Amino acid sequence: VGPQHADILAELNAEQRAAAAHGLADADARALLVIAGAGTGKTSALAHRVVNLILHGADPQRILLLTFSRRAAQEMAWRAGQVLSRALGLQGGEPPALPWAGTFHGIGARLLRDYAPRIGLAENFSIHDRGDAEDLMGMVRHARGLSATAARFPLKGTCLGIYSRVVNSGAPLAEVLARAYPWCAQWEEELNGLFTGYVQAKQDQQALDYDDLLLYWAEMLGDPGLAAELGGRFDHVLVDEYQDTNALQAGILLAMKPDGKGLTVVGDDAQAIYSFRAATVRNILDFPQRFATPARVITLSRNYRSSQPILEASNAVIAQAAERFKKDLWTDRHSSLKPQLVAVSDEAGQARWVADRVLERREEGLRLMAQAVLFRTSSHSAALELELARRNIPFVKFGGLKFLEAGHIKDALAVLRWAQNPRSRVAGFRVAQLLPGVGPATAARLMDTLADAADPVSAIAGFVPAQGDIEAWRGFAQLYAALASGKAGWPAELELVTRWIAPHLERLYEDARVRQGDLQQLSRLAGAYGSRERFLTELTLDPPDATSAHAGPPMRDEDYLILSTIHSAKGQEWKAVYVLNAVDGCIPCDISTGASEEIEEERRLLYVAMTRARDFLHVMVPQRFYVTQQTGMGDRHVYGGRTRFIPDSLLDKFDLLPRPEPLEPIRPKGEKPAPAMDVAARIRARWR
Ligand code: ATP
Ligand code: MG
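Each chain has its residues counted from 1, running along the sequence as written. Labels are handed out in written order, letters beginning with A for the chains and numbers beginning with 1 for the ligands. In keeping with the predicted nature of the model, local features appear solely for residues at pLDDT of at least 70, side-chain atom pairs appear and are counted solely at 80 or more, and the whole-chain, interface and lining totals rest on all residues.

- Per an unreviewed UniProt entry, the protein chain carries the name DNA 3'-5' helicase and comes from Orrella dioscoreae.
- UniProt positions are given in the numbering used here, feature names are shortened, and annotations may be inferred rather than shown by experiment. UniProt annotates the protein chain under Sequence similarities (unreviewed entry) with the comment "Belongs to the helicase family. UvrD subfamily."

Here we look at the overall build of the protein chain
Working step 1: Counting its secondary structure elements, the protein chain contains 26 helices and 17 strands.
Working step 2: Working definition of burial: number of other C-beta atoms within 10 Å of the residue's own, with buried at 20 or more, exposed at 12 or fewer, and partly exposed in between, all C-beta atoms being placed from the backbone. Sorting the 688 residues of the protein chain into buried and exposed places 43% on the buried side.
Working step 3: Here the contacts in the protein chain between residues at least 6 apart in sequence split such that 77% fall between residues at least 24 apart. The secondary structure listing takes helices from DSSP runs of H or I that are at least 4 residues long and strands from runs of E that are at least 2 residues long, numbered from the N terminus. Residue pairs qualify as contacts under a 7 Å threshold applied to their C-beta atoms, which are placed from the backbone.

Concerning the packing of helix 7 (residues 156–169) against helix 9 (residues 188–204)
In helix packing, the relevant descriptors are the interaxial angle and the interaxial distance, both defined with respect to the helix axes.
Working step 1: Each axis is a line fitted through C-alpha atoms, and for a helix only the stretch in contact is used; angles between axes span 0 to 180 degrees, taken between their N-to-C directions. Remark: helix 7 packs on helix 9, axes separated minimally by 11 Å, with the N-to-C direction vectors making an angle of 80°. Relative to helix 9, the element helix 7 is oriented roughly perpendicular. Seen from helix 7, the contacting residues are C159, I162 and Y163; seen from helix 9, they are L191, L194, F195 and Y198. Geometric relationships in this document are graded by angle, where less than 35 degrees denotes roughly parallel, more than 145 denotes roughly antiparallel, 65 to 115 denotes roughly perpendicular, and other angles denote oblique.

Examining the sheet that holds strand 9 (residues 340–344)
Working step 1: Only strands joined by at least two bridges in the DSSP assignment are considered to pair. A sheet is described by the order of its strands in space; here seven strands give the open sequence 11-12-10-13-14-9-17, paired in parallel fashion. The sheet is open, and its two edges are formed by strand 11 (395–398) and strand 17 (655–657), each paired on a single side. Across this sheet, the average inter-strand angle for adjacent strands is 20°, counted without regard to direction.
Working step 2: Of the pairings in the sheet, the one linking strand 10 (residues 371–375) to strand 13 (residues 574–579) comprises four bridges and is parallel in character. Bridging from a neighbouring strand, Q371 pairs with A576 of strand 13.

Some words on the site of ligand 1
Working step 1: Around ligand 1, a shell composed of 17 residues is seen, among which G41, K42, T43, S44 and Y304 lie nearest.
Working step 2: Top contributing element to the shell around ligand 1 by residue count: helix 3 (residues 42–55), with three residues. What makes a residue near a molecule or strand is its C-beta atom, placed from the backbone, lying within 6 Å of it.

Notes on the environment of E175
Working step 1: Residue position: E175 is located in helix 8 (residues 173–180).
Working step 2: For E175 and A185, which are 10 residues apart along the polypeptide, the C-alpha to C-alpha distance reads 9.3 Å.

A few points about the sheet that holds strand 7 (residues 263–267)
Working step 1: If you trace the six strands from one edge of the open sheet to the other, you get 3-2-6-7-1-8, paired in parallel fashion. The open sheet has two edge strands with one neighbour each: strand 3 (101–103) and strand 8 (296–298). For this sheet the average axis-to-axis angle between neighbouring strands, irrespective of direction, equals 20°.
Working step 2: Bridge count between strand 2 (residues 63–67) and strand 6 (residues 236–239): four bridges; the pairing is parallel. Note on strand 6: the bridge partner recorded for L66 is V239.

Observations concerning the pairing of strand 6
Working step 1: Residues H236 and L238 point to one face of strand 6 and V237 and V239 to the other, with burial holding for every one of them.
Working step 2: As paired strands, strand 6 and strand 7 are joined by three bridges and run parallel to one another. Residue V239 lies in a different strand from strand 7, and its bridge partner there is V265.
Working step 3: Classification remark: right-handed applies to a crossover when, strands pointing away from the viewer, the course from the first strand over the helix to the second runs clockwise. Traced from strand 6 through helix 12 (residues 247–256) to strand 7, the parallel crossover comes out right-handed.

What about unusual backbone geometry?
Working step 1: For the peptide bond that leads from W490 to P491, omega is 0°, which places it in the cis range.
Working step 2: Turning to its location among the elements, P491 is positioned in the loop between helix 21 (470–485) and helix 22 (492–508).
Working step 3: The residue after I587, namely P588, is reached through a cis peptide bond having omega 0°.
Working step 4: Tracing the chain through its elements places P588 in the loop between strand 13 and helix 25 (596–610).
Working step 5: One non-glycine residue, E241, adopts positive backbone phi at about 55°.
Working step 6: Within the fold, E241 resides in the loop between strand 6 and helix 12.
Working step 7: Phi is positive for N581, which is not a glycine, with a value near 50°.
Working step 8: Relative to the helices and strands, N581 is located in the loop between strand 13 and helix 25.

Brief notes about the confidence of the model for the protein chain
Working step 1: Of the residues in the protein chain, 89% have a pLDDT of 70 or more, and the chain-wide mean is 86.
Working step 2: Between residues 547–555, whose pLDDT stays under 50, and residues either more than four places distant or in other chains, the model counts 25 contacts. Predictor confidence is given residue by residue as pLDDT, running from a minimum of 0 to a maximum of 100.

Some remarks on the environment of V166
Working step 1: If you trace the backbone, V166 turns up in helix 7.
Working step 2: Residue V166 is classed as buried on the basis of its C-beta count, with 21 C-beta atoms lying within 10 Å.
Working step 3: Expressed as a C-alpha distance, the spacing of V166 and A278, which sit 112 residues apart in the sequence, is 8.4 Å.
Working step 4: If sequence neighbours within four positions are ignored, V166 has contacts with A171, L173 and V176.

Things to note about the packing of helix 10 (residues 210–220) against helix 12
Working step 1: Where helix 10 contacts helix 12, the axes come no closer than 9 Å and their chain directions differ by 35°. Crossing of helix 10 over helix 12 shows left-handed handedness. For the pair helix 10 and helix 12, contact is made by L214, L215, W217 and A218 and by L248, Q249, G251 and I252, respectively. If you view the pair so one helix is near and one far, a crossing is left-handed when the near helix is turned anticlockwise from the far one by less than a right angle, and right-handed when it is turned clockwise.

A look at helix 4 (residues 70–87)
Working step 1: A rise of 1.5 Å per residue sets the reference length of helix 4, with its 18 residues, at 26 Å; its end C-alpha atoms lie 25 Å apart and thus fit the reference within 8%.
Working step 2: Of all the residues in helix 4, the buried ones are A72, A73, M76, A77, A80, G81, V83, L84 and A87.
Working step 3: Backbone geometry just after helix 4 places G89 at a positive phi near 70°. Here the expected span of a helix is defined as 1.5 Å times the quantity of residues minus one.

The following block contains the structure:
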């Protein structure tokens, strides 16, 4: 370990240094928990710890780093690379190869591919994204006659939500229904049957949904031999954003590192915002006591991110939380700029105000990328997106509709998936219906034929679609045979698919030209992945985000504004942050049905949003914002007022901008507005 490295550790504060060095010098074998507020350098400490481990001889191949998104994993590997090359006195910051950095789901997928033969799983299993999973749930629901039930049975998306919650929380169905889906409780028996059918269908088709990636991994660890083997594969397991893990994920970690040795988790209970995905803050609160030798706990209290007025306002918001670990954060980043609470007329006014300010800041030298607009729900940026497009301000949206969710991209990928796994009904069903004259009935008949076929290629070639276009079918059968043989190689086979699909897009979509462009974009992406399997897995698990100009991901050197849901903004920071729609009915999102624990989660959500800001924070409050309120007499629309999380008592933490643009006065029809200026009278007056 060179002298440079000592300098680098000196950049950390004492607590961070302790976290980075835990277990090295004193052979302390305990697990480590770093629990601390926003912006206190948890993620930084974790990156330094990775570097420190490597510098002390840890094999990067044997470090498992689990993050909340693939983007976060790449970012962390990049940060670690910077530190590592400085420590070693290298030029340029090549990231260290951290082959096992990723999300729980991504890592799960890779481990399952490795272990498939040993746990009775087909090696070529498909991974269903949320849309595929819903489709399959819909098929089973239909097959079981539940869609035709007179009284309304929950929709396929709701069914999948319930199923997922049961899997991730480990709680019984009845309990999940009572707690989170009371209006579906009457269907418990049918739902139970539906889920049995759904699980069977997935297994018949050798398909895994997102939840299965965790579930199979967890089940596999139930075998003591496999658990020891998997746990032994990694000397160090490190997890960021631990407050948002669920019971299944906690179980996986415990099974891999039962004595806690080599296990490090970091997080902030005040930022727990994923309980709707069965995450439980108990994971982090109970972590120290889950081991025979309780974990070492390190807390950090100095905030390096935000200016003092921003930190003060955020602290004040979270201080009102009913239940929390008290943390006193401080910073020495003094500033006279308080965060602004900005009253605007409505969503259009909000969009104009934000766009104006974004451009102003750019004039002052703040790149677009240093600014972000955050919102509760993806649809809430619609007005802003229009405004940005009108003014040619480029942006990228995180957490919204993904590139791969567009119908035509799914079509092309389904062809590849089907070639990968002929039993995938979801893929086959979709692809067959791209052909002229093939409808659901024919597609279903084809899939039945394939289910029993020993050789799928000849079964497809020999299939005669009753009303279908035989020529078109032959063309497809040829493509299928080519893909199944794997002769073309990757990414050439994607070219085959795009060429085959082009005329079908012309027929199926009005804007076929734009969609062709997206497919070219997809081809450009493809080269970066070594194989078809890798491409499908990675894109399914972490699809690129949609952008303004085109559907694909932007180039590295472009400058663009970030639009993001608050959920997707976790762990990140920007110089300037704009929080949209800070009104009751939006944050918190449902003002009448929210149980108190849900309201608390919404408060933490606002806290997460505010603590993303370094220097400038604008909290927007449209004066006219319709929210739907469920009342005893059905839905009705009401105006939302300023969010309850910023009550009058906290107004002194903000600069108030009480200059809403004037609302259009509401006049009875026919009545002329009074003239603002009587020009004729003024001209007459000159001659008086
Ligand atoms: P969050 O809770 O939002 O995930 P965090 O606790 O993970 O935040 P980081 O993202 O690691 O915090 O750090 C916040 C900011 O503080 C970053 O810009 C980081 O570079 C900076 N920082 C962290 N530690 C130090 C330090 N010791 N000295 C100076 N700056 C630091
Ligand atoms: Mg972090």
